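Coordinate inspection notes
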Amino acid sequence: MNALEHQLQYPYGEQMPAPGTRQEVAPGVWWLRMPLPFALDHINLWLVRDRIEGRDGWTVIDCGITDDTIKTHWETIFANGLDGLPVLRVLVTHCHPDHVGLAHWLCERWGVRLWMSLGDYMSARVMGGGNGVGSNAGGDFAASHFARHGLNDPDSLEKLRARRSYYSTLVPALPTQYRRLMEGDIVVMGDDPAASRWRVITGFGHAPEHVALFNAERQVLISGDMVLPRISTNVSVFDMEPEANPLALYLSSLRRYEELPEATLVLPSHGRPFRNLHTRLRQLHEHHAERLAETLEACAGKPCSAHDIVGVMFRRQFDIHQMTFAMGEALAHLHLLWHDGRLQRQTDDDGVIRFRAA
Ligand SMILES: [Zn+2]
C-alpha cells in the first residue's frame, strides 16, 4: 500500500459507482467498477461515448473476468447505462484475465471488434491455448521456475501445479480476430473533433505490450495497470522468459508519462481516479529504488534466492496466488541488479539459483 497516498488528489473523494451503475468522470467518459475474487477485489472499466461509421454508441475499455456475476452486472449496464445505444467496440489494455476475460462475450454479444496490441493479443491466445503449458501463474513450468528460485516446499509446488488452468478458467475464449493497436496510434472515440483523439502509449514490464490512452484536449489518461495510485504495479519474471529484466522496462516506460501535463486526470484500473500524476511517478521510482537497495543489501550479507528476498521485502504471509506475484516481484528486482552487473547469479548444488554481490 502507498503510505504517501495523501499526496495524491482524488477529485471524486470516496464516491464510486456500485457494480452495475456508472459514474461520469470526464465529458463522455464513464467509470464502471466490477468485483474480482482476489485480494485485489475490484477492477475499473471505462465506457467512452463514441460514434463509428455514422452510428452512435459506446467503446468499452477492459472487460472484467469471465464469471456469471460480472455478466449480470454488464447486463444491468446494457439495460440502464448505455442511454439505449449499442456497444460499438471493445478495447483492452492488456492480456491479464481481469482486463481481457469477458472480451469474447462482449464482442460476440454486440458483434464488434476487439482492439488490442499484438503483444498482448498473442500472449492471451498462448496462455489460454489449452495446450497444457498453463500460464505464467501456474502449471508444471511455473512450478519448476519457482522451485529453481527457492519456492520448493512440496505443498507450494503442488498448489502451483494445480493452477495449470488458472488463465483459461478466467479467459475461456478470445475473439479469433482483432484490430492491432500500436505505439502512437490515434484512436478516435466520439464525434467532437476537438476532444475525440486518444493517443496510444505502449508500456512494458507489467504485460508484454500494455496500451494506455491519453486525450490531450481533455487531459485524461486511461492508465490501465501501468500507473496505479494505491498499490505498485506488479512487475514479475515468469517462466516463459526466465532471464527477463522487466523492472528496467517498467521504470523506463514510466518516463513516458512524465511528458504528460501535471493537471492530467488519471483513470487507473485499480483504485480511484486521481490527479498529481508526477507525484505518483516520483513515488513509484522511489519505491523501487528502496526495494533495490534492500535487495542489494540482503545479497551483500549472504547469497539470496528470490524466495529469500520475498521474506526481506514483504515480511508477511501470502496465499499461493499472492506468492506467485511476490516471487516474480523479488526476482524482477534481483534481475535488474544482475543485468546491471551489481549482482552475480549462480545455480548452487541444491539446484537453487542464488544471487551474490558482484
Ligand atoms: Zn495487469
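Here is what the cut-offs are and how they apply
- Residues numbered from 1 in each chain as written.
- Predicted model: local features only at pLDDT ≥ 70, side-chain atom pairs only at ≥ 80, totals over all residues.
- Heavy atoms only, no water.
- Helix = DSSP H or I, 4+ residues; strand = E, 2+ residues; numbered from the N terminus.
- Buried < 20%, exposed > 50% of the residue type's maximum accessible area, 1.4 Å probe, protein only.
- Contact = heavy atoms within 4.5 Å.
- Areas by Shrake-Rupley, 256 points an atom, 1.4 Å probe, with all protein chains shown as cover.
- Lys, Arg positive; Asp, Glu negative; His and termini not counted.
- Charge placed at Lys NZ, Arg CZ, Asp CG, Glu CD.
- Donors = N, O, S within 2.8 Å, 3.2 Å for Na, K, Ca; no water.
- Tetrahedral: all angles 85-135°; square planar, octahedral: opposite > 155°, others 65-115°.
- 1 Å grid on protein atoms, 1.4 Å probe; cavity = no way out; pocket = protein on both sides within 12 Å on 5 of 7 lines; lining within 4 Å.
- Points joined across faces, edges and corners; volume = space filled by probe spheres on them.
- Nonpolar A, V, L, I, M, F, W, Y, C, P; charged D, E, K, R; others polar.
- Pairing = 2+ DSSP bridges.
- Axes fitted to C-alpha atoms, helices over the stretch in contact; angles between N-to-C directions.

1. A few points about the overall build of the chain
Of regular secondary structure, the chain possesses 11 helices and 14 strands. Across its three principal directions, the C-alpha atoms of the chain cover 65 × 45 × 35 Å. Taken across its 358 residues, the chain has 56% of its residues classed as buried. Across the chain, every contact between residues at least 6 apart in sequence was considered, and the portion connecting residues at least 24 apart equals 64%. A total of about 14,900 Å² of accessible surface is found on the chain, and carbon and sulfur atoms cover 50% of it. For the chain, the distance from the average site of its 35 positive side-chain charges to the average site of its 43 negative ones is 2 Å.

2. Considerations on the coordination of the zinc ion
Around the zinc ion, the donor atoms from the protein are His 94 (NE2), His 96 (ND1), His 206 (NE2) and Asp 225 (OD), and they sit 2.1 to 2.2 Å away. Seen from the zinc ion, its four donor atoms lie at angles of 90 to 173°, and the figure they make is irregular. Along the chain, the residues donating to the zinc ion are arranged with the sequence spacing H-x1-H-x109-H-x18-D.

3. Concerning the layout of surface pockets
The rolling of a water-molecule-sized probe over the atoms marks out the regions of remaining empty space. Approximately 260 Å³ is the volume attributed to the second largest pocket. Taken together, Ile 52, Glu 53, Arg 55, Leu 88, Arg 89, Gly 111, Val 112, Arg 113, Trp 115 and Arg 179 make up the lining of the second largest pocket. By residue class, the composition of the lining of the second largest pocket is four nonpolar, one polar and five charged.

4. Topic: the pairing of strand S9 (residues 197–203)
With five of seven residues buried, S9 lies mostly within the body of the structure. In the sheet, strand S8 (residues 186–188) pairs with S9 via three bridges, with the strands oriented antiparallel. Following the sheet pairing, Val 188 is matched in S9 by Arg 197. Summarising the sheet, S9 and strand S10 (residues 210–215) pair through five bridges and their orientation is antiparallel.

5. Here we look at the sheet that holds strand S1 (residues 23–26)
The strand order across the open sheet built from seven strands is S1-S2-S3-S4-S5-S6-S7, with neighbouring strands paired in mixed fashion. Single-partner strands in this sheet number two, and they are S1 and strand S7 (179–181). Going from strand to strand, the sheet's axes swing by 30° on average, the running direction of each strand aside. Sheet topology note: the strand S6 (residues 114–117)/S7 ladder contains three bridges and is parallel. Bridge pairing in S7 links Met 116 to Arg 180. The sheet contacts of helix H1 (residues 68–80) involve strand S2 (29–35), strand S3 (42–52), strand S4 (55–61) and strand S5 (87–91), and relative to S2 the element is tilted by about 155°. Sheet strands in contact with helix H4 (residues 118–127) are S6 and S7, and its direction is about 105° off that of S6.

Just geometry here; none of it tells us what the structure is for.
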